[in-house]
Structure formats: structure tokens, C-alpha cells
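Chain and residue survey
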Amino acid sequence: MEKNVALTGMMGVGKTTIGKRLAKKLNYNFVDIDKIIEKKEGQSISSIFKSKGENYFRKLERDLTIIELKKINTVISLGGGAFLNGSIRKYVKKHSVSFWIDVPIGTILKRLKKSKNRPLLNKDNSDGVIKKIYFARKKFYNQATYRIRCKALTLKQIIEKILSLYE
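Residues numbered from 1 in each chain as written. Predicted model: local features only at pLDDT ≥ 70, side-chain atom pairs only at ≥ 80, totals over all residues. Heavy atoms only, no water.

Thoughts on the environment of Ala6
Summarising the element assignment, Ala6 is placed in strand β1 (residues 4–8). For Ala6 and Phe99, which are 93 residues apart along the polypeptide, the C-alpha to C-alpha distance reads 6.3 Å. Once residues lying within four places of it in the same chain are set aside, the contact partners of Ala6 are Ile76, Leu78, Val92, Ser96, Val97, Ser98 and Phe99. (Helix = DSSP H or I, 4+ residues; strand = E, 2+ residues; numbered from the N terminus. Contact = heavy atoms within 4.5 Å.)

Re unusual backbone geometry
We note that Asn27 has phi near 60°; this positive angle belongs to a residue other than glycine. You can see Asn27 is positioned in the loop between α1 (15–26) and β2 (29–32). For Asn27, a relative accessible area of 71% puts it in the exposed group. (Buried < 20%, exposed > 50% of the residue type's maximum accessible area, 1.4 Å probe, protein only.)

Considerations on the sheet that holds strand β4 (residues 96–102)
Ordered in space as β2-β3-β1-β4-β5, the 5 strands form an open sheet in which the pairing is parallel. Where the open sheet ends on each side, the last strands, each with one partner, are β2 and β5 (146–149). Going across the sheet, the axis of each strand differs from the next one's by a mean of 20°, ignoring polarity. Of the pairings in the sheet, the one linking β2 to strand β3 (residues 74–77) comprises 4 bridges and is parallel in character. Looking across to β3, one finds that Phe30 is bridged to Val75. Seen against the sheet, helix α2 (residues 33–41) touches β2 and β3 and runs at an angle of roughly 65° to β2. (Pairing = 2+ DSSP bridges. Axes fitted to C-alpha atoms, helices over the stretch in contact; angles between N-to-C directions.)

As C-alpha cells, then:
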């Protein structure tokens, strides 16, 4: 298969963990778009949001994601909000097989409870904020090539499922 693998889904669903293991199995490169952005800017995503704003971040995310999507033999962990961007979705569909890593909202809430480096969560009532973000993004995530419902699956099973659909 010559298309890349693009992983989309909410923050905290395990795109990076899954992506690294998947890349190893496929003998592909792995890229985490958030890490590329942080390296380029020399600061965390949260700091970028604070100092330059979400609009600046989203434009940078779009530009850097499209560059990575044009490469070959790559597993790409998209930022949680990247798939909402029409340009990114278009490039994902053209250059990749995409997988929505769909984890139940309750699990996401537990995983993100202690997170201090999520710029959209630096607010009171993070449960309400996370639910609002999840339900707003769901219709975009649903445009991925495949939806992987992770509720009862182990990490190994998730990777096996992605591999069987991809190959």
C-alpha cells in the first residue's frame, strides 16, 4: 500500500502511542504533528495558543500537516482539531488512509483529568469543555476512512485492526 496512515481523534485517545507502534510494524516513519509544531516554534502548543493565538496555531498546523501528508511511508498523528480543517481533510483523503481513533467520552475525561498542557482545557469545568469539543468534532472525525471503536480493545487489538483494514 502506498498511502500514508493518518490517525485522527480527540486529544488523549492515544494517537501518538498507536502511531508509533503502527509505524514500527509497517516499517514506516512516524510523525506527530503537535511535536513538529512545538519543535518549529520552540515552545509548547499551550504557549503558542497563549502568545500567538489559536488562529496562528491553526494556520501553522495546516501548513505543516500538508507538508507531512505529501511524504510517503508515514504514519501521521494529527492534532486533535486538525481534521476540522477542510484543506487538511482534503489532503488526508488524497494521500492517506485515515482512522478515527474513537474512545468513549468517559475514558477521554479520565485521561485528560490531570492534563496541564492542553490549551483548550485551561478552563474551569473541563468535563463540560471536553464533551462540547467532542460532540462538535465528531461529525468531522466521522469523515475518516475508518472508525476504530476502541472501547473494548487492547492497544495490540487496535493496531491489528488498523493493519488489517490498511493492508
